[in-house]
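# Reading the structure
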Amino acid sequence: MQAWFCDTLDGVDALQWRELPTPEPQAGEVRIAIEAASLNFPDLLIVQGKYQVKPPLPFVPGAEYAGTVEAVGTGVAQLKVGDRVAAIGSTGGFATHAIVDASRVLPLPSGFSSSDGAAFAFTYGTSHHALIDRAQLKAGETVLVLGAAGGVGTAALQIAKAAGARVIAAASSDAKCALCRELGADATLNYGSQDLRETLKALTGGKGPDVVYDPVGGDLAEPAFRSIAWRGRYLVVGFAGGGIPALPWNLALLKGASVVGVFWGDFVRREPEANQRALMQLAQWYAAGSIKPAIDMEMPMSEIRAAYARMGSRQVMGKLLLVNKP
Ligand SMILES: NC(=O)c1ccc[n+]([C@@H]2O[C@H](COP(=O)([O-])OP(=O)(O)OC[C@H]3O[C@@H](n4cnc5c(N)ncnc54)[C@H](OP(=O)(O)O)[C@@H]3O)[C@@H](O)[C@H]2O)c1
(Lines give C-alpha, C1' and ligand atoms only; values in the text may rest on other atoms or scores of the structure.)
Protein backbone atom coordinates (compact mmCIF):
# COMPACT_ATOMS: atom_id res chain seq x y z
CA MET A 1 0.00 0.00 0.00
CA GLN A 2 0.95 3.63 -0.35
CA ALA A 3 0.03 6.57 1.84
CA TRP A 4 0.72 10.22 2.57
CA PHE A 5 2.67 10.22 5.85
CA CYS A 6 2.77 13.13 8.28
CA ASP A 7 6.16 12.74 10.04
CA THR A 8 6.34 16.29 11.47
CA LEU A 9 3.66 18.92 12.16
CA ASP A 10 4.90 21.21 9.38
CA GLY A 11 1.81 21.22 7.19
CA VAL A 12 0.99 19.69 3.84
CA ASP A 13 4.36 20.47 2.23
CA ALA A 14 6.09 18.09 4.65
CA LEU A 15 3.81 15.11 3.83
CA GLN A 16 5.63 12.17 2.22
CA TRP A 17 4.06 9.59 -0.15
CA ARG A 18 5.56 6.25 0.92
CA GLU A 19 5.09 2.57 0.17
CA LEU A 20 4.82 -0.01 2.94
CA PRO A 21 3.77 -3.67 3.17
CA THR A 22 -0.02 -3.90 3.07
CA PRO A 23 -0.99 -4.68 6.70
CA GLU A 24 -3.46 -7.36 7.82
CA PRO A 25 -6.40 -6.32 10.00
CA GLN A 26 -6.26 -7.32 13.68
CA ALA A 27 -9.25 -8.46 15.73
CA GLY A 28 -12.16 -6.03 15.32
CA GLU A 29 -10.58 -4.30 12.29
CA VAL A 30 -11.06 -4.34 8.53
CA ARG A 31 -8.83 -3.35 5.61
CA ILE A 32 -10.40 -1.07 3.04
CA ALA A 33 -9.18 -0.52 -0.51
CA ILE A 34 -9.83 3.22 -0.77
CA GLU A 35 -11.52 4.60 -3.90
CA ALA A 36 -12.11 8.16 -2.74
CA ALA A 37 -11.35 10.31 0.30
CA SER A 38 -12.77 13.77 0.90
CA LEU A 39 -11.01 16.78 2.30
CA ASN A 40 -12.45 18.32 5.46
CA PHE A 41 -11.14 21.51 7.06
CA PRO A 42 -9.80 19.59 10.09
CA ASP A 43 -7.43 17.75 7.67
CA LEU A 44 -5.68 21.11 7.14
CA LEU A 45 -5.36 21.67 10.88
CA ILE A 46 -4.30 18.15 11.95
CA VAL A 47 -1.07 18.17 9.88
CA GLN A 48 -0.07 21.42 11.66
CA GLY A 49 -0.87 20.16 15.16
CA LYS A 50 -3.71 22.74 15.36
CA TYR A 51 -6.68 20.33 15.60
CA GLN A 52 -8.16 19.13 18.87
CA VAL A 53 -7.22 15.54 17.89
CA LYS A 54 -3.42 15.11 17.96
CA PRO A 55 -2.49 11.59 16.73
CA PRO A 56 1.00 10.23 17.52
CA LEU A 57 3.54 10.73 14.72
CA PRO A 58 3.86 9.48 12.11
CA PHE A 59 0.25 9.29 10.94
CA VAL A 60 -1.66 9.31 7.67
CA PRO A 61 -4.18 12.20 7.45
CA GLY A 62 -7.64 11.82 5.88
CA ALA A 63 -10.68 11.51 8.15
CA GLU A 64 -13.32 10.34 5.68
CA TYR A 65 -13.12 7.84 2.84
CA ALA A 66 -14.99 5.14 0.93
CA GLY A 67 -14.08 1.97 -0.90
CA THR A 68 -14.33 -1.82 -0.65
CA VAL A 69 -13.62 -4.16 2.27
CA GLU A 70 -10.58 -6.23 1.27
CA ALA A 71 -9.86 -8.21 4.48
CA VAL A 72 -11.69 -8.73 7.77
CA GLY A 73 -10.15 -9.36 11.22
CA THR A 74 -11.52 -11.88 13.71
CA GLY A 75 -14.67 -10.95 15.56
CA VAL A 76 -16.12 -8.74 12.82
CA ALA A 77 -19.55 -10.13 12.00
CA GLN A 78 -21.28 -7.17 10.36
CA LEU A 79 -18.87 -6.69 7.42
CA LYS A 80 -17.45 -9.04 4.77
CA VAL A 81 -14.92 -8.94 1.95
CA GLY A 82 -16.38 -7.11 -1.05
CA ASP A 83 -18.73 -4.83 0.91
CA ARG A 84 -18.82 -1.24 -0.34
CA VAL A 85 -18.33 0.99 2.68
CA ALA A 86 -17.61 4.47 4.00
CA ALA A 87 -15.34 5.05 6.99
CA ILE A 88 -14.94 7.90 9.42
CA GLY A 89 -11.93 8.17 11.67
CA SER A 90 -9.63 11.04 12.35
CA THR A 91 -6.81 9.68 10.15
CA GLY A 92 -5.87 7.10 7.51
CA GLY A 93 -7.79 8.14 4.37
CA PHE A 94 -5.16 9.77 2.15
CA ALA A 95 -3.78 6.40 1.07
CA THR A 96 -4.52 3.45 -1.18
CA HIS A 97 -5.59 1.28 1.79
CA ALA A 98 -6.56 1.77 5.41
CA ILE A 99 -6.87 -0.45 8.45
CA VAL A 100 -9.77 0.77 10.54
CA ASP A 101 -11.84 -0.35 13.51
CA ALA A 102 -15.03 -1.96 12.17
CA SER A 103 -17.13 0.29 14.44
CA ARG A 104 -16.07 3.25 12.30
CA VAL A 105 -17.26 1.65 9.05
CA LEU A 106 -20.72 1.99 7.51
CA PRO A 107 -22.00 -0.19 4.66
CA LEU A 108 -23.05 1.98 1.72
CA PRO A 109 -26.68 1.50 0.73
CA SER A 110 -27.19 0.51 -2.92
CA GLY A 111 -27.39 3.59 -5.10
CA PHE A 112 -24.87 5.43 -2.93
CA SER A 113 -21.74 6.13 -5.01
CA SER A 114 -18.25 5.90 -3.50
CA SER A 115 -17.77 9.62 -4.17
CA ASP A 116 -20.91 10.52 -2.24
CA GLY A 117 -19.99 7.98 0.47
CA ALA A 118 -16.60 9.64 0.95
CA ALA A 119 -18.20 13.07 1.17
CA PHE A 120 -21.16 12.41 3.42
CA ALA A 121 -21.06 11.47 7.12
CA PHE A 122 -18.66 14.14 8.39
CA THR A 123 -20.48 17.13 6.96
CA TYR A 124 -24.09 15.88 6.99
CA GLY A 125 -23.59 14.26 10.41
CA THR A 126 -22.25 17.55 11.81
CA SER A 127 -24.99 19.67 10.26
CA HIS A 128 -27.81 17.28 11.26
CA HIS A 129 -26.55 17.19 14.85
CA ALA A 130 -26.28 21.00 14.82
CA LEU A 131 -29.62 21.94 13.27
CA ILE A 132 -31.97 19.10 14.18
CA ASP A 133 -30.57 18.07 17.56
CA ARG A 134 -28.81 21.08 19.09
CA ALA A 135 -30.95 23.87 17.60
CA GLN A 136 -34.24 21.91 17.52
CA LEU A 137 -35.00 23.54 14.17
CA LYS A 138 -38.71 23.68 13.29
CA ALA A 139 -40.40 23.84 9.89
CA GLY A 140 -41.09 27.44 8.92
CA GLU A 141 -38.17 28.90 10.88
CA THR A 142 -35.45 30.90 9.13
CA VAL A 143 -31.84 29.68 9.18
CA LEU A 144 -28.82 31.78 8.29
CA VAL A 145 -25.93 29.56 7.11
CA LEU A 146 -22.52 31.27 7.06
CA GLY A 147 -19.82 29.78 4.81
CA ALA A 148 -22.79 28.21 3.06
CA ALA A 149 -20.86 27.03 -0.03
CA GLY A 150 -18.32 25.04 2.02
CA GLY A 151 -18.46 21.41 3.13
CA VAL A 152 -20.54 21.64 6.30
CA GLY A 153 -22.29 24.74 4.88
CA THR A 154 -23.73 23.00 1.81
CA ALA A 155 -24.85 20.11 4.03
CA ALA A 156 -26.49 22.55 6.49
CA LEU A 157 -28.31 24.33 3.67
CA GLN A 158 -29.76 21.07 2.31
CA ILE A 159 -30.68 19.68 5.75
CA ALA A 160 -32.43 22.90 6.78
CA LYS A 161 -34.46 22.77 3.54
CA ALA A 162 -35.26 19.07 4.08
CA ALA A 163 -36.53 20.01 7.56
CA GLY A 164 -38.89 22.62 6.09
CA ALA A 165 -36.96 25.74 7.09
CA ARG A 166 -36.33 28.89 5.05
CA VAL A 167 -32.62 29.24 4.27
CA ILE A 168 -30.58 32.40 3.86
CA ALA A 169 -27.20 31.22 2.52
CA ALA A 170 -24.29 33.57 3.12
CA ALA A 171 -20.91 33.30 1.41
CA SER A 172 -18.00 35.45 0.26
CA SER A 173 -18.60 35.60 -3.51
CA ASP A 174 -21.35 35.74 -6.13
CA ALA A 175 -20.22 32.38 -7.55
CA LYS A 176 -20.62 30.76 -4.12
CA CYS A 177 -24.04 32.39 -3.70
CA ALA A 178 -25.08 31.07 -7.12
CA LEU A 179 -24.14 27.50 -6.06
CA CYS A 180 -26.23 27.96 -2.90
CA ARG A 181 -29.27 28.99 -4.95
CA GLU A 182 -28.78 25.90 -7.15
CA LEU A 183 -28.77 23.81 -3.96
CA GLY A 184 -32.11 25.29 -2.86
CA ALA A 185 -31.34 28.40 -0.78
CA ASP A 186 -34.34 30.73 -0.59
CA ALA A 187 -32.13 33.81 -0.46
CA THR A 188 -28.41 34.55 -0.56
CA LEU A 189 -26.16 37.16 0.97
CA ASN A 190 -22.65 37.93 -0.30
CA TYR A 191 -20.79 39.09 2.80
CA GLY A 192 -17.84 39.99 0.58
CA SER A 193 -19.85 42.86 -0.91
CA GLN A 194 -23.07 43.33 1.13
CA ASP A 195 -23.59 44.59 4.69
CA LEU A 196 -24.57 41.55 6.74
CA ARG A 197 -26.86 43.29 9.25
CA GLU A 198 -28.72 45.51 6.73
CA THR A 199 -29.23 42.64 4.27
CA LEU A 200 -30.50 40.30 7.00
CA LYS A 201 -32.94 42.96 8.20
CA ALA A 202 -34.28 43.34 4.67
CA LEU A 203 -34.50 39.57 4.08
CA THR A 204 -36.33 38.85 7.36
CA GLY A 205 -38.62 41.88 7.65
CA GLY A 206 -36.51 43.12 10.58
CA LYS A 207 -37.06 39.96 12.65
CA GLY A 208 -33.69 38.24 12.06
CA PRO A 209 -32.91 34.55 11.60
CA ASP A 210 -34.16 32.06 14.21
CA VAL A 211 -31.03 29.93 13.85
CA VAL A 212 -27.52 30.95 12.80
CA TYR A 213 -25.18 28.15 11.65
CA ASP A 214 -21.59 29.41 11.95
CA PRO A 215 -18.58 27.35 10.76
CA VAL A 216 -16.56 30.52 10.00
CA GLY A 217 -16.29 32.61 13.20
CA GLY A 218 -13.98 35.65 13.07
CA ASP A 219 -15.49 39.04 12.26
CA LEU A 220 -18.79 37.62 10.99
CA ALA A 221 -19.90 36.30 14.37
CA GLU A 222 -20.80 39.50 16.22
CA PRO A 223 -22.89 41.12 13.45
CA ALA A 224 -24.60 37.77 12.86
CA PHE A 225 -25.38 37.40 16.57
CA ARG A 226 -26.65 40.99 16.75
CA SER A 227 -29.08 40.11 13.91
CA ILE A 228 -30.55 36.99 15.53
CA ALA A 229 -34.31 36.73 16.26
CA TRP A 230 -35.93 36.61 19.70
CA ARG A 231 -35.27 33.11 21.17
CA GLY A 232 -32.65 32.57 18.47
CA ARG A 233 -30.07 29.79 18.59
CA TYR A 234 -26.51 30.55 17.46
CA LEU A 235 -24.66 27.36 16.49
CA VAL A 236 -20.91 27.47 17.15
CA VAL A 237 -19.62 24.99 14.56
CA GLY A 238 -16.11 26.12 13.65
CA PHE A 239 -13.59 28.86 13.02
CA ALA A 240 -12.50 28.43 9.40
CA GLY A 241 -11.93 32.20 9.25
CA GLY A 242 -9.20 31.74 11.83
CA GLY A 243 -10.37 33.95 14.71
CA ILE A 244 -12.33 32.68 17.71
CA PRO A 245 -14.87 35.45 18.32
CA ALA A 246 -15.58 37.04 21.70
CA LEU A 247 -19.17 38.23 22.20
CA PRO A 248 -20.59 40.74 24.69
CA TRP A 249 -22.94 38.55 26.78
CA ASN A 250 -25.61 41.24 26.98
CA LEU A 251 -26.46 40.39 23.35
CA ALA A 252 -27.70 36.98 24.47
CA LEU A 253 -29.79 38.59 27.23
CA LEU A 254 -31.37 41.18 24.92
CA LYS A 255 -32.57 38.56 22.43
CA GLY A 256 -33.38 35.75 24.88
CA ALA A 257 -30.95 33.90 22.61
CA SER A 258 -28.72 30.86 23.12
CA VAL A 259 -25.12 30.21 22.11
CA VAL A 260 -25.11 26.49 21.32
CA GLY A 261 -21.91 24.47 20.96
CA VAL A 262 -21.63 21.72 18.34
CA PHE A 263 -19.00 18.95 18.60
CA TRP A 264 -20.02 16.14 16.28
CA GLY A 265 -17.01 13.89 17.00
CA ASP A 266 -17.79 13.75 20.70
CA PHE A 267 -21.52 13.39 20.02
CA VAL A 268 -20.72 10.25 17.99
CA ARG A 269 -18.57 8.85 20.81
CA ARG A 270 -20.91 9.78 23.67
CA GLU A 271 -24.29 9.19 22.01
CA PRO A 272 -23.83 6.40 19.42
CA GLU A 273 -27.53 5.48 19.31
CA ALA A 274 -28.62 9.06 18.66
CA ASN A 275 -25.96 9.24 15.93
CA GLN A 276 -27.33 6.03 14.34
CA ARG A 277 -30.83 7.56 14.26
CA ALA A 278 -29.46 10.71 12.66
CA LEU A 279 -27.58 8.71 10.00
CA MET A 280 -30.74 6.73 9.23
CA GLN A 281 -32.71 9.93 8.65
CA LEU A 282 -29.90 11.26 6.46
CA ALA A 283 -29.83 8.02 4.43
CA GLN A 284 -33.61 8.33 3.91
CA TRP A 285 -33.28 11.96 2.78
CA TYR A 286 -30.46 10.90 0.42
CA ALA A 287 -32.59 8.08 -1.04
CA ALA A 288 -35.48 10.53 -1.50
CA GLY A 289 -33.18 12.96 -3.35
CA SER A 290 -33.55 15.73 -0.72
CA ILE A 291 -29.83 15.85 0.06
CA LYS A 292 -26.75 15.05 -2.05
CA PRO A 293 -23.13 16.13 -1.66
CA ALA A 294 -22.15 18.96 -4.01
CA ILE A 295 -18.83 17.76 -5.41
CA ASP A 296 -16.38 20.59 -6.09
CA MET A 297 -13.96 18.42 -8.05
CA GLU A 298 -12.14 15.07 -8.00
CA MET A 299 -8.34 15.19 -7.93
CA PRO A 300 -5.88 12.28 -8.08
CA MET A 301 -4.58 11.24 -4.62
CA SER A 302 -1.12 12.41 -5.75
CA GLU A 303 -2.41 16.02 -5.93
CA ILE A 304 -2.83 16.41 -2.18
CA ARG A 305 -0.84 19.65 -2.01
CA ALA A 306 -3.01 21.30 -4.67
CA ALA A 307 -6.12 20.05 -2.86
CA TYR A 308 -5.01 21.55 0.47
CA ALA A 309 -4.10 24.82 -1.27
CA ARG A 310 -7.55 24.98 -2.89
CA MET A 311 -9.29 24.59 0.47
CA GLY A 312 -6.89 26.91 2.30
CA SER A 313 -7.55 29.67 -0.25
CA ARG A 314 -11.37 29.36 0.02
CA GLN A 315 -11.81 28.07 -3.53
CA VAL A 316 -13.58 24.82 -2.67
CA MET A 317 -17.32 24.88 -3.34
CA GLY A 318 -18.97 21.86 -1.71
CA LYS A 319 -16.67 18.87 -1.22
CA LEU A 320 -13.28 18.17 -2.77
CA LEU A 321 -12.37 14.51 -3.36
CA LEU A 322 -8.99 12.79 -3.68
CA VAL A 323 -9.37 9.60 -5.71
CA ASN A 324 -7.23 6.54 -6.38
CA LYS A 325 -7.02 5.28 -9.98
CA PRO A 326 -8.92 1.98 -10.40
N1 LIG B 1 -18.06 21.37 15.36
C2 LIG B 1 -17.92 20.25 14.68
O3 LIG B 1 -18.30 19.17 15.11
C4 LIG B 1 -17.32 20.34 13.31
C5 LIG B 1 -17.39 19.26 12.40
C6 LIG B 1 -16.86 19.44 11.11
C7 LIG B 1 -16.25 20.64 10.76
N8 LIG B 1 -16.16 21.63 11.69
C9 LIG B 1 -15.55 22.93 11.37
O10 LIG B 1 -16.32 23.60 10.41
C11 LIG B 1 -15.49 24.49 9.67
C12 LIG B 1 -15.75 24.29 8.19
O13 LIG B 1 -15.29 23.00 7.77
P14 LIG B 1 -15.48 22.53 6.26
O15 LIG B 1 -14.86 21.19 6.14
O16 LIG B 1 -16.87 22.74 5.83
O17 LIG B 1 -14.53 23.61 5.52
P18 LIG B 1 -14.70 24.31 4.08
O19 LIG B 1 -15.39 23.40 3.13
O20 LIG B 1 -13.36 24.83 3.73
O21 LIG B 1 -15.69 25.52 4.37
C22 LIG B 1 -15.30 26.56 5.21
C23 LIG B 1 -15.86 27.88 4.69
O24 LIG B 1 -15.38 28.90 5.58
C25 LIG B 1 -15.19 30.10 4.86
N26 LIG B 1 -13.91 30.74 5.21
C27 LIG B 1 -13.76 31.96 5.72
N28 LIG B 1 -12.49 32.25 5.92
C29 LIG B 1 -11.77 31.19 5.53
C30 LIG B 1 -10.39 30.90 5.50
N31 LIG B 1 -9.48 31.79 5.93
N32 LIG B 1 -9.99 29.70 5.02
C33 LIG B 1 -10.90 28.82 4.62
N34 LIG B 1 -12.25 29.02 4.64
C35 LIG B 1 -12.69 30.20 5.09
C36 LIG B 1 -15.26 29.76 3.38
O37 LIG B 1 -16.47 30.34 2.89
P38 LIG B 1 -16.51 31.83 2.33
O39 LIG B 1 -15.36 31.98 1.37
O40 LIG B 1 -17.82 31.87 1.68
O41 LIG B 1 -16.38 32.72 3.54
C42 LIG B 1 -15.37 28.24 3.31
O43 LIG B 1 -16.29 27.82 2.32
C44 LIG B 1 -14.06 24.21 10.11
O45 LIG B 1 -13.68 25.17 11.07
C46 LIG B 1 -14.15 22.84 10.75
O47 LIG B 1 -13.14 22.61 11.71
C48 LIG B 1 -16.69 21.51 12.93
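Use the structure listed above.
What comes next is a walk through the structure. (Residues numbered from 1 in each chain as written. Predicted model: local features only at pLDDT ≥ 70, side-chain atom pairs only at ≥ 80, totals over all residues. Heavy atoms only, no water.)

### Thoughts on unusual backbone geometry
To keep things clear, this is the line we draw: We count a stretch as a helix when DSSP gives it H or I for four or more residues in a row; a strand needs E for two or more, and each element gets its number in order from the N terminus. Each residue gets one of three labels from its accessible area relative to the maximum for its type: buried under 20%, exposed over 50%, partly exposed in between, using a 1.4 Å probe on protein chains only.
The linkage connecting Leu 57 with the following residue, Pro 58, adopts the cis geometry, with an omega of -10 degrees. With a phi angle near 50 degrees, Gln 136 is a residue other than glycine that sits in the positive phi range. Its place among the elements puts Gln 136 in the loop between helix H3 (121-134) and strand E8 (142-145). Located in the positive-phi region is Arg 231, a residue other than glycine, with phi close to 65 degrees. Among the secondary structure elements, Arg 231 is positioned in the loop between helix H7 (221-226) and strand E12 (233-236). In this structure Arg 231 comes out as exposed when scored by relative accessible area, which is 60%.

### Side note on the sheet that holds strand E9 (residues 166-171)
Stated precisely, the cut-off is as follows: A pair of strands is treated as paired once DSSP finds two or more bridges between them. A fitted line through C-alpha atoms represents every axis, and for helices the fit uses only the stretch in contact; the resulting angles, taken between N-to-C directions, go from 0 to 180 degrees. Residue contacts are counted whenever heavy atoms from the two residues lie within 4.5 Å of one another.
Strand order in the open sheet made by the six strands is E10-E9-E8-E11-E12-E13, with parallel pairing throughout. In the strand order of this sheet, the two ends are held by strand E10 (187-190) and strand E13 (258-261), each with one partner. Across this sheet, the average inter-strand angle for adjacent strands is 20 degrees, counted without regard to direction. One ladder, built from four bridges, connects E12 with E13; its direction is parallel. Each bridged residue has a counterpart across the sheet, and for Tyr 234 the counterpart in E13 is Val 259. Across the sheet, helix H5 (residues 174-182) touches E9 and E10, and the angle it forms with E10 is around 165 degrees. This element, helix H6 (residues 196-203), spans E8, E9 and E10 of the sheet and lies at about 165 degrees to E10.

### What about helix H4 (residues 151-162)?
Residue pairs spaced three or four apart in an α-helix point in one direction, given the helix's 3.6 residues per turn. To keep things clear, this is the line we draw: What a helix should span is 1.5 Å times the count of its residues minus one.
End to end, H4 covers 17 Å across 12 residues, agreeing with the expected 16 Å (1.5 Å per residue, within 8%). When we look at burial in H4, the residues that qualify are Gly 153, Thr 154, Ala 155, Ala 156, Leu 157, Gln 158, Ile 159 and Ala 160. Considering only its buried residues, H4 is in contact with H3, E8, E9, H5, strand E11 (211-214) and helix H10 (272-287). Where H4 ends, the next residue or the one after it, Gly 164, has phi of about 90 degrees, a positive value.

### Let's talk about H10
For H10, spanning 16 residues, the distance from its first C-alpha to its last is 22 Å, which sits close to the expected 22 Å at 1.5 Å a residue. Along its buried surface, H10 packs onto strand E7 (105-107), helix H2 (114-118), H3, H4 and helix H9 (264-270). Looking at the residues trailing H10, positive phi occurs at Gly 289, about 80 degrees.

### Focus on the site of the ligand
Where we set the bar: Nearness of a residue to a molecule or strand requires only that one of the residue's heavy atoms be within 4 Å of it. We define a polar contact as two N or O atoms separated by no more than 3.5 Å, with the added condition that, inside protein, one atom must be a possible hydrogen donor and the other a possible acceptor, whereas residues neighbouring each other in sequence contribute only through side-chain atom pairs. Each accessible area value is a Shrake-Rupley result obtained with a 1.4 Å probe; residue values ignore everything except the protein chains displayed when judging cover. Polar here means any residue other than Ala, Val, Leu, Ile, Met, Phe, Trp, Tyr, Cys and Pro, which are nonpolar, and Asp, Glu, Lys and Arg, which are charged; Gly is therefore polar.
Near the ligand lie 26 residues; those nearest to it are Ser 172, Lys 176, Tyr 191, Val 262 and Trp 264. Within the backbone of Trp 264, a nitrogen or oxygen atom sits 2.7 Å from an oxygen atom of the ligand. Isolated, the ligand exposes 910 Å² of accessible area, and the fraction of that covered by the protein chains is 91%. Elements supplying a minimum of two residues to the shell around the ligand: helix H1 (41-46), H3, H4 and helix H11 (304-312). Partitioned by chemical class, the residues of the shell around the ligand number 15 nonpolar, nine polar and two charged.

### With respect to the side chain of Arg 310
Looking at the secondary structure, you find Arg 310 in helix H11. Of the polar contacts made by the side chain of Arg 310, one reaches the side chain of Asp 296; its length is 2.8 Å. Not counting the four nearest positions on each side in its chain, Arg 310 is found in contact with Asp 296, Met 297, Gln 315, Val 316 and Leu 320.

### Looking at the packing of H3 against H4
The test is simple: The scheme is simple: roughly parallel for angles under 35 degrees, roughly antiparallel for over 145, roughly perpendicular for 65 to 115, oblique for anything else. Handedness of a crossing follows from how the near helix is turned relative to the far one, being left-handed for an anticlockwise turn of less than a right angle and right-handed for a clockwise one.
Two elements in contact, H3 and H4, have axes separated by 8 Å at closest approach and are oriented at 50 degrees. Classified by the interaxial angle, the pair formed by H3 and H4 is oblique. In this structure, H3 crosses over H4, and the sense of that crossing is right-handed. Taking contact as the criterion, the partners of Thr 123, Tyr 124, Thr 126, Ser 127, His 128, Leu 131 and Ile 132 in H3 are, on H4, Gly 151, Val 152, Ala 155, Ala 156, Gln 158, Ile 159 and Ala 160. Of the residues in the contact of H3 with H4, the class split is eight nonpolar, six polar and no charged.

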